[in-house]
Amino acid sequence: MTDLVLENIGKTYPNGYQAIPSIDLSIEEGEFIVLVGPSGCGKSTLLRMVAGLETITQGDLLIKGNRVNDKEPADRDIAMVFQNYALYPHMTVRANMEYGLKNRGVSKQERHNKVMDVAAMLGLDELLERRPGQLSGGQRQRVAMGRAMVRDPKVFLFDEPLSNLDAKLRVQMRVEIRQLQRKLATTTLYVTHDQVEAMTLADRLVVLNKGKAEQIGTPMELYDKPATTFVAEFIGSPSMNLLDGMLTERGIALSDRLALPMAHDYRGAIKWGIRPEHLQQSDAVNGDFSLQVQAVESLGAETLIHGVLEDGAEQPNPIVVRLSGPHLPDIGSRMWLTAPLQHWHLFDAITQQRL
Amino acid sequence: MIENRPWLRFFSHLILVVGVFLVALPVWVALVGSTQPEGSFNSGSIPMWFGDQGVQNWAHVLFAEAGSTLQIPVWHLLLNSLVMALGITLGKIAISIVSAYAIVFFRFPFRGVIFWIIFITLMLPVEVRIVPTYQVIANLDMLNSYSGLILPLIASATATFLFRQCFMSIPGELVEAARIDGAGPIRFFFDILLPMSRTNIAALFVIMFIYGWNQYLWPLIITTDDTYYTLVMSIKSMLSVPDGDIQWNYVMVTTLLAMLPPVAVVVGMQKLFVKGLVDAEK
């Protein structure tokens, strides 16, 4: 059953600025949807529109089949976790978690039971009588989630909940959020600008750019078949190498001197893309093209090599290669690479759409 | 100062000691004077050490009468002052916190204009509007009453402004979290806003209590019945003796009594007061 449906949802501010032109999305029950995009792409606005904190100026928002466009946030049966947690500083952890239930007229005994259940699930038992000021960042994050969970809502909304945590804690909480969501099977809408978070958490991803959904799909769909150059560059780290080229009978001409043979019906200006991890080191005989090494980043398990394509073009084309294991090529040296055909991505140079 | 220069140290201590001396000397004179027998000030020299009349003087002033011109015990004046000061303070806090709440959290037409009108009233202290205010209070038949003493002084642009600044520093996400938790405007005000501005209320309480306590001109104008006299204004009337000597020993007792409540408020609330001004929480 579809839980949350966005039909032609749009937002235009009173000053005429169109933050979100139109988005269609239908979310199944228990699905984990991640809205991802660079800052200012409208992902938070969209989430806040679902929450009821921003008005919807166009389209319909349906939760469990009911149109909730004009309902107050409290009446939409949603719960939200904010980036800064937004815990009430003067209330204890228990009071923070209870507050929503209290306003709903839930009895004291029931409130107590619910809080204890959730506290046990999140490991907050010991902290119930403390105030937010006495908690660490990770604990506050947990309380914020607990506050959302006690309400037992139909939809969870997360607004960049992990961006205030340090790297290690972020990884830990990411796993925890995923496990909790699986366990509770509550439909979830999660906003982030971090593509690793997006890839690891999502059942389906929505990549937003300037208020438009560039692509909606599973993380692997987006990785394997990015619909646009924007998605191609956004998903994956380091991002995909994209080079300008021309598709002709002979193949892809990346410059006057460099062409890659390929049979394709399309003719004209394209963008040719390949992910850094799909480039392979080779020798001068078998290599498709060569690279002049400019910087080497050794990460232990893998090595990132930044270089410039030796194609005789006036504008140097930067290329990133990701090789597993340690490699130490000299700066300025030449490196031959092969680009396996099955990993190529071709995009129309004008529309930026996948060919 | 991190560096350690003996002369600088000596000099700064000297300034502090002189400052303390200047402030403390009049208080000392008042304290000593309050224990002197009648007439000891009239001999031409100011006594600098305690006399033997302390208990009698204090008992007389507190419970019998304040002096020959004021046939009313000082405890009654203290009570009047307390009622007025507390009334003004609580009224100011209540009115300004509600108006700041409206200005910060609600979108209504002419919101900005209304705020500026409130702000401009800063330029109209009691002294400026005293004649029309008197007229209004007289027409309302509130001369010689506690409400007459309190009501004209309870609107405060300063307090409204301070609460506004305090409310504006509350993160928007907190307001939104409360909305999602189903807290309407009234609930939000009492459950979240009021407890969060606790320290600001305390700081304003201190400032406004002292302001109310020290009111001189307004009580002087609207009270003609000495059962409504306040302590601060009666000191002046104790000094204006038509013939005979000023009873300095009684004046000193009254002065000290007038000083005590503000001191008590400041000492008692100084922790909250400082916290409210520097605003560490949130």
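Quick caveat: nothing in here was measured; it's all calculated off a predicted structure. (Residues numbered from 1 in each chain as written. Chains lettered and ligands numbered in written order. Predicted model: local features only at pLDDT ≥ 70, side-chain atom pairs only at ≥ 80, totals over all residues. Heavy atoms only, no water.)

Novice: How should I be thinking about the sheet that holds strand 20 (residues 345-348) of chain A in this particular structure?
Specialist: Strand pairing in a sheet is mediated by backbone hydrogen bonds. Such pairs are either parallel or antiparallel. With respect to topology, five strands assemble into an open sheet ordered 13-12-11-14-20 (chain A), the strand pairing being antiparallel. The sheet terminates laterally at strand 13 (259-260) and strand 20 of chain A, the two strands that pair on one side only. (Pairing = 2+ DSSP bridges. Helix = DSSP H or I, 4+ residues; strand = E, 2+ residues; numbered from the N terminus.)

Novice: Would you take a moment to explain the UniProt feature "transmembrane region" (unreviewed entry) in chain B for this structure?
Specialist: Residues and elements named next belong to chain B. UniProt's feature table lists "transmembrane region" (unreviewed entry) at residues 7-31, 82-106, 113-137, 149-167 and 248-267, given in the numbering used throughout. As a span, residues 7-31 carries 100% helix and 0% strand, and end to end its C-alpha atoms are 35 Å apart. Segment residues 113-137 splits into 64% helix and 0% strand. End C-alpha atoms: 28 Å apart. (UniProt positions renumbered as here; feature names shortened; annotations may be inferred.)

Novice: Is there a simple way to explain the environment of valine 265 of chain B in this structure?
Specialist: Residue and element names in this part refer to chain B. Position of valine 265 relative to the elements: it lies in helix 13 (residues 248-278). C-alpha separation for the pair valine 265 and phenylalanine 209, spaced 56 residues apart in sequence, amounts to 8.0 Å. Beyond its immediate chain neighbours, meaning those up to four positions away, valine 265 contacts Phe205, Val206 and Phe209. (Contact = heavy atoms within 4.5 Å.)

Novice: Looking at this structure, I do not really get the packing of aromatic side chains. What am I missing?
Specialist: Both the distance between ring centres and the angle between the ring planes are used here to describe each pair of aromatic rings. Scanning the entire structure with this criterion turns up 26 aromatic pairs over all chains. Plain terms: the ring middles of tryptophan 272 of chain A and phenylalanine 289 of chain A are 6.2 Å apart, the flat faces sit at 90° to each other, and that makes the pair edge-to-face. Of this pair, tryptophan 272 of chain A sits in strand 14 (residues 268-274) while phenylalanine 289 of chain A sits in strand 16 (residues 289-298), placing them 17 residues apart in sequence. Across the pair, exposure class does not vary: tryptophan 272 of chain A and phenylalanine 289 of chain A are buried alike. Between the aromatic rings of phenylalanine 189 of chain B and phenylalanine 190 of chain B, the centroid separation amounts to 5.1 Å while the plane-to-plane angle is 85°, which identifies the pairing as edge-to-face. Among the residues examined, phenylalanine 189 of chain B registers a relative accessible area of 9% and is labelled buried. What links up through ring pairs into an aromatic cluster is the set Tyr101, Phe105, Phe106, Phe163, Phe167, Phe188, Phe189 and Phe190 of chain B. Here lysine 11 of chain A stacks its cationic end above the ring of tyrosine 13 of chain A, 4.9 Å away from the centre of that ring. Across from the ring centre of tyrosine 223 of chain A, 4.2 Å away, lies the NZ or CZ of arginine 275 of chain A, which sits over that ring. (Phe/Tyr/Trp six-rings, centres within 6.5 Å; stacked < 30°, edge-to-face > 60°. Buried < 20%, exposed > 50% of the residue type's maximum accessible area, 1.4 Å probe, protein only. Lys NZ or Arg CZ within 6 Å of the ring centre and 35° of its normal.)

Novice: Would you mind showing me how to read the pairing of strand 8 (residues 187-192) of chain A here?
Specialist: Successive residues of a regular strand alternate their side chains across the two faces of the sheet. Residues and elements named next belong to chain A. Among the six residues that make up strand 8, six are buried, leaving the element largely enclosed by the rest of the structure. The two faces of strand 8 match: Thr187, Leu189 and Val191 on one face and Thr188, Tyr190 and Thr192 on the other face are all buried. In the sheet, strand 3 (residues 32-36) pairs with strand 8 via five bridges, with the strands oriented parallel. Considered in strand 8, the bridge of phenylalanine 32 is made with threonine 188. Direction of pairing for strand 7 (residues 155-159) relative to strand 8: parallel, over a ladder of five bridges. Paired with aspartate 159 across the bridge in strand 8 is valine 191. A crossover connection joins strand 7 to the parallel strand 8 through helix 5 (residues 167-184); in handedness this β-α-β unit is right-handed. (Right-handed = clockwise from strand over helix to strand, strands pointing away.)

Novice: I tried to follow the interface of chain B and chain A on my own but got confused; where do I start?
Specialist: For interface size, the figure often reported is the accessible area lost on association. On the side of chain A, 25 residues touch chain B, which itself brings 16 residues to the contact. When chain B packs against chain A, close to 1800 Å² is buried across both sides, 54% of that on carbon and sulfur atoms. When the area that chain B buries against chain A is broken down by residue, the three leading residues are Glu173, Ile180 and Asp181 of chain B, summing to 40%. At the surface where chain B touches chain A, the tally comes to three salt bridges. Residue glutamate 72 of chain A pairs with arginine 179 of chain B through a salt bridge whose shortest N-O separation is 3.6 Å. The interface formed by chain B and chain A contains twelve residue pairs in polar contact (both at pLDDT 80 or more). Going through the elements one at a time, helix 8 (172-180) and helix 9 (185-196) of chain B are the ones with two or more residues in the side of chain B that touches chain A. Ranked by residue count, the leading element in the side of chain B that touches chain A is helix 8 of chain B, at seven residues. Tallied by class, residues from the side of chain B that touches chain A come to eight nonpolar, one polar and seven charged. (Buried area = accessible area lost by both parts, 1.4 Å probe. Salt bridge = Lys/Arg side-chain N within 4 Å of Asp/Glu carboxyl O. Polar contact = N/O pair within 3.5 Å; in protein donor to acceptor, adjacent residues only side chain to side chain. Nonpolar A, V, L, I, M, F, W, Y, C, P; charged D, E, K, R; others polar.)

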